[in-house]
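Next come the chains, spelled out residue by residue.
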Amino acid sequence: MLYINCPHCGMRSQNEFSYGGDASVKRPELNKEVSDQEWDNFVYNRKSLRGKHLELWQHISGCRQWIKVERDTATHEIFRTFKADEEVA
Amino acid sequence: MTQAFRIENGGLINRDKKLSFKFNGKTYLGYEGDTLASALLANGVHLVGRSFKYHRPRGFFGAGVDEPYAVVQLFRNGETEPNIKATEQELFEGLEAKSVNCWPSVNFDIGAINNFLKIFLPAGFYYKTFMWPKSFWYRIYEPFIRKAAGLGVASTKHDKERYEHKYEYCDLLIAGSGPSGLAGAYAAAKNGAKVILAEDKPRFGGSLLTSDVNIGNQSGKDWAEGIITELKTMPNVVVKNRSQIFGYYDHNMLVMSEKVSDHLPSTKKYHPNKRLWYIRAKEVLISSGSIERPIVFGNNDTPGVMLSSAAKEYLKVYGVLVGRKPLVFTNNDSGYETAIEFKKHGLDPVVLDSRKNPESEIIDEAKNLGINIKNSYVVVAAQGYKKVKSADIASISEDKKQLGKIENILCDCICVSGFWTPTIHLASQSGNKTKFKEDIDAFVPGQSKQNEITLGAANGVFSLEETLKTSFTAGSELSKKITENDNKVAIPNVVEKKSSQHDKFWCVPLPKGKNYKRFLDFQNDVAVSDVEIALREGYRSIEHVKRYTTLGMATDQGKTSNLNGLQLVSEIENKVVPAVGHTTFRPPYTPISIGAIVGREVGKHSKPTRKSPMHSWHEKNNAVFVDAGVWLRPRYYKRGNENLFEGSKREAKNVRTNVGVCDVTTLGKIDIKGPDAAELLNRVYTNAWLKLPVGKARYGVMLREDGIVMDDGTTTRISENHYHMTTTTAQAANVLSHLEYYLQLVWPELNVNVVSTTEQWAGAAIAGPKSRDLLQKLFPNSDVSNEGLPFMGYMEGDLFGVKARIYRISFSGELAYEVNVESDYGNFMWEKIIEVGEEFNIQPYGTEALSTLRIEMGHVAGSELDGRTIPFDNALEGLVSKKKDFIGKRSLQRSAFTAEDRQRIVGVVPLDKQTSIPEGSHLVKDDKAPLPNPKLGHISASCWSVEYDNPFSLAILKDGKNMIGQKLFAMSPLKNKVIPVEIVSSHYVDPKGERVRS
């Protein structure tokens, strides 16, 4: 079971969190013309990386904040975690 | 016969306490501190079971967790548990056990005929034979194999025992209390670290209990006892025996099963049977030791053939002789240690050593004691059926290919030592890539993957001195990292005898003209010949060979067989062992009872139960409850002998004619506050929200980004910047997460707060033509007239002193209101409604009537919003704004969603107006068409229309818009029904919606 460092609460076990997918996906702006391809990329197309992956988790049984977690999808190693509004350098 | 094989003195058992127990119906005596295995051996019982495939007699092979044979059915305190290893089960007064895998008895087993048919039962036999004809599998082969094979029988009764789960954190977790574990624990504990030390056996000390060594001028056993005694007094240390760490998971999470009560005749009051520990450790020291491996020879499965270390353990720990004429067969010095113990107890062991001329201190000691040692000698085959009677032995050439003349010597046990296999399971589970260590012919952990270190025999180090040195150091270093203390403890001096190099020899060749079975895997009857067949048939990957032959499977998971199997494959394939590789080590290391894994999540505790504040009223008024997610909701309120159909029909009818009240507390409620609340709603819902006035409610539909309807509900503007959103019962949690996602990640600039208030409000829906009259009596000071509180209006009211929120919204399609009060007043509100409503013939109604009412009105719910439908499909496209953007809008342009013949909700009525249509039925054009009959749609919900007194259903139908008036068939192969139906509008009752506005 993963041990995730919630930037708001500290180290917590995975069963307090729910997974939210790729954190690098950006929603197209509202009221903007979007091509089919752009929209498909936003809604459906994901890279399913092996290796370092920036992903979203929500601390549902804790502070309810969405956070970003930099995790290796093959080894499960977690490198860094970020608040929702933190820029990932 | 009473314990004829127990020596006069010695052992760690409590001779003051005799225990009586039963095995296969016969009563025996043992001592406190015995295992079932040691007590049976003390009584000379060597036959305990039959093997899996050939039903050959089975005795004891080991003395612990590695035991492949002695698996019994245990009876304890009125319960039974299968597949218990007799070598692990501690004896208690009144214990009862039976052999498994034999019928009618262990002495006369009909299945043993397989032994004579063994030529027909090679590897893969089941796969090859029982494949044809196909129809025979379920009826004949499968039941037969199931009866003939298999180990114990699981109890069919409810388990009365209690199991606990526990979560723990520590600095250093240590798996195994042998020399390495004790040293590591002691050093770390003295340095202030929080330590957990786990030992699977009842006694601490591991190999120190049986080895002849000195540590710090005392015997190894006494030293271990001293350390444990001191550790137990330290507040920063948890010491647990009977506790097996069986799994190493991600991020240093390890799971341990503690057998709290298995050694007692019955579980103590308030105690669990087992306790499962989830331990998050900063560092892990794996000191799991090693398991002796056998040498393969003919009939090496005969009872009486066992590991030499087991024979030594039975003698030194339990004071039991496994035989009186022992033969020791070894390729290393360990066999001599066992022989020396036999000699010290007055027996005359013979040692066969495959090595030509080994020299060491231990061998010298054996020689000095006058033990008969034969070098370059091997056991060719054991003789005897239910017990070893003699052994065929022979000299062996230096290249280990040629046997000399075969001699037969009398013996009653053969103690085998083929050197040691490090127990690397935990390290491997942590992700550590193992490496092969040539000098010990075995795999050891490689580079650490997580925060784990493996030391001592588990790391292939068999020198006590080195083990203690590295373990004390590791304990200090690991704890220093965490506590930043630097209190080192002195490393004691060690006296041990040096060993000589073992012989890389593991399998005795067959003598000419003999075809003895030479077993690799004892539990599954996998012989050398089976692996040879598998390779001949083209299996190459060791994982495939394992599954084809069953080598290394079953309850012992090949703890004694895996490495010899690899040796064989590597020899035949002409590869080195590391090139063959080993099969994956998966948790659990030993079988864990399902009860321990489930813990307390059984029965009522398997999921939470949520009840509304009015629950006790429902109970008192004969509500029949139904699970709605985790909620318990009244399905109908039973009157007299009514069934569900009659009761729900009565309740629904009363709503249509008088007034009914329904508990709607379970609806999800979300409080939304902030200056940008309207903007959020405008983006989340498909319709327009910016102009909703204060005191008004609006129905809204929200989509996922892929255009599929996520949820629906009404949201009310309570005040300028304050909204009250309702969701369906099922989607409440998802909708909240959905809103939080957009507020925190996508549009953080919106100044809005959302919080769940589902549990803060109790809700009652009051529906029916007389509902306004009732409401006026409930709120005499409020103007609830059609003008004062119009459809979709909202007001606050005073319910006999309790502040209430009144929403004029309707799910039933009747004139209806929803009254909310704070949860604590829920029951008060409910009783007042019932009391005041009496003059209007009010009746409470449950979820079944609620469904009936919404179905005949064509209102959609979860069965239509099933994660596959868009607004159009639900006739909700009128709510989709063309002017503004919202979540999922862009997806609605997808060609499939705009297709001319897009599916759409319709009403369905059986032509006979009698036959109810099963939900899930498919709508087809031609009921006689060949399969697969093209499906046009499916029935999503069915009811008995109380308005028209005939069955009515909703369906999602292809091109539904143009299908009104068509005749189709509803087919339910499950219920074996074909019903001719007519397609009608989904708004079956009051299509203009006049009642809700009346």
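Residues numbered from 1 in each chain as written. Chains lettered and ligands numbered in written order. Predicted model: local features only at pLDDT ≥ 70, side-chain atom pairs only at ≥ 80, totals over all residues. Heavy atoms only, no water.

1. Notes on empty space enclosed by the protein
Residues and elements named next belong to chain B. Scanning all chains against the criterion turns up three cavities of 30 Å³ or more. Taken as a whole, the largest cavity spans an internal volume of roughly 290 Å³. Forming the boundary of the largest cavity are 22 residues, of which T421, G558, N562, L563 and F585 lie nearest the centre. Of all elements in the fold, only β25 (420–422), α13 (542–549) and α14 (562–573) reach the threshold of two or more residues within the lining of the largest cavity. Among the elements that make up the lining of the largest cavity, the one with the highest residue count is α14 (four residues). Class assignment for the residues of the lining of the largest cavity results in nine nonpolar, ten polar and three charged. In this structure, the second largest cavity spans a volume of roughly 80 Å³. Every residue lining the second largest cavity is counted, 13 residues in all, and those nearest its centre are R50, S51, P68, Y69 and L151. Grouping the amino acids of the lining of the second largest cavity by side-chain chemistry returns seven nonpolar, four polar and two charged. (1 Å grid on protein atoms, 1.4 Å probe; cavity = no way out; pocket = protein on both sides within 12 Å on 5 of 7 lines; lining within 4 Å. Points joined across faces, edges and corners; volume = space filled by probe spheres on them. Helix = DSSP H or I, 4+ residues; strand = E, 2+ residues; numbered from the N terminus. Nonpolar A, V, L, I, M, F, W, Y, C, P; charged D, E, K, R; others polar.)

2. As for the interface of chain A and chain B
Where interface size is quoted, it is often the accessible area lost as the parts come together. Each partner contributes to the interface: chain A provides 28 residues, whereas chain B provides 29 residues. Both sides together, the interface formed by chain A and chain B hides about 2400 Å², and carbon and sulfur atoms give 52% of it. When the buried surface of chain A facing chain B is broken down by residue, M1, R27 and L30 of chain A rank first, second and third, together holding 26% of it. Joining chain A to chain B, the criterion identifies three salt bridges. Note that E705 of chain B and R27 of chain A form a salt bridge whose closest N and O atoms lie 2.4 Å from each other. Applying the counting criterion to the chain A and chain B interface returns 17 residue pairs in polar contact (both at pLDDT 80 or more). For the side of chain A that touches chain B, the secondary-structure elements that each account for two or more residues are α1 (36–43), β4 (52–58) and β5 (66–72) of chain A. Tallied by class, the residues present in the side of chain A that touches chain B amount to 14 nonpolar, eight polar and six charged. (Contact = heavy atoms within 4.5 Å. Buried area = accessible area lost by both parts, 1.4 Å probe. Salt bridge = Lys/Arg side-chain N within 4 Å of Asp/Glu carboxyl O. Polar contact = N/O pair within 3.5 Å; in protein donor to acceptor, adjacent residues only side chain to side chain.)

3. Focus: the nonpolar core
All names here are of chain B. Among the nonpolar cores identified, the biggest contains 82 residues, and F60, Y314, L327, F329 and I414 are the most heavily contacted of them. Counting contributing residues, this core receives three or more from each of domain 1 (1–159) and domain 3 (294–418). Those residues in contact with I414 that sit more than four places away from it in its chain are F297, G304, V305, M306, L327, F329, V379, A382, V388 and A391. L197, M234, F472 and L478 belong to the second largest nonpolar core, which has 33 residues in total. (Core = buried A, V, L, I, M, F, W, Y, C linked by side-chain atoms within 4.5 Å. Buried < 20%, exposed > 50% of the residue type's maximum accessible area, 1.4 Å probe, protein only. Domains from an automatic or database assignment.)

4. Focus on helix α9 (residues 361–368) of chain B
Residue and element names in this part refer to chain B. Buried within α9 we find I362, I363 and A366. The arc enclosing the buried residues of α9, seen along the axis, measures out at 100 degrees, which places them on a common side. For α9, the secondary structure elements touched by its buried residues are α8 (334–344) and β20 (372–375). Of the residues one or two after α9, G370 is the one with positive phi, at around 80 degrees. (Arc of directions from axis to C-beta.)

5. Quick look at the domain arrangement of chain B
When cut into domains, chain B gives domain 1 (1–159), domain 2 (163–290 + 422–495), domain 3 (294–418), domain 4 (669–757 + 871–895) and domain 5 (899–992). Relative placement of domain 3 of chain B and domain 4 of chain B: their C-alpha centres are 80 Å apart.

6. A word on the sheet that holds strand β7 (residues 96–99) of chain B
Note: strands within a sheet are paired through backbone hydrogen bonds, in either parallel or antiparallel orientation. All names here are of chain B. Spatially, the five strands line up as an open sheet ordered β2-β1-β7-β5-β6, and their pairing is mixed. Each edge of the sheet is formed by a strand with only one pairing partner; in this case those strands are β2 (26–32) and β6 (79–85). Sheet twist, expressed as the average angle between the axes of neighbouring strands with direction ignored, equals 35 degrees. Bridge count between strand β1 (residues 14–23) and β2: seven bridges; the pairing is antiparallel. Its bridge partner lying in β2, F21 is registered against Y28. (Pairing = 2+ DSSP bridges. Axes fitted to C-alpha atoms, helices over the stretch in contact; angles between N-to-C directions.)

7. Points about the environment of A490 of chain B
Residue and element names in this part refer to chain B. If you trace the backbone, A490 turns up in the loop between α11 (464–483) and β29 (494–495). Judged by relative accessible area, which is 70%, A490 ranks as exposed. Each C-alpha atom of the pair A490 and H271 lies 40 Å from the other, and the pair is 219 residues apart in sequence.

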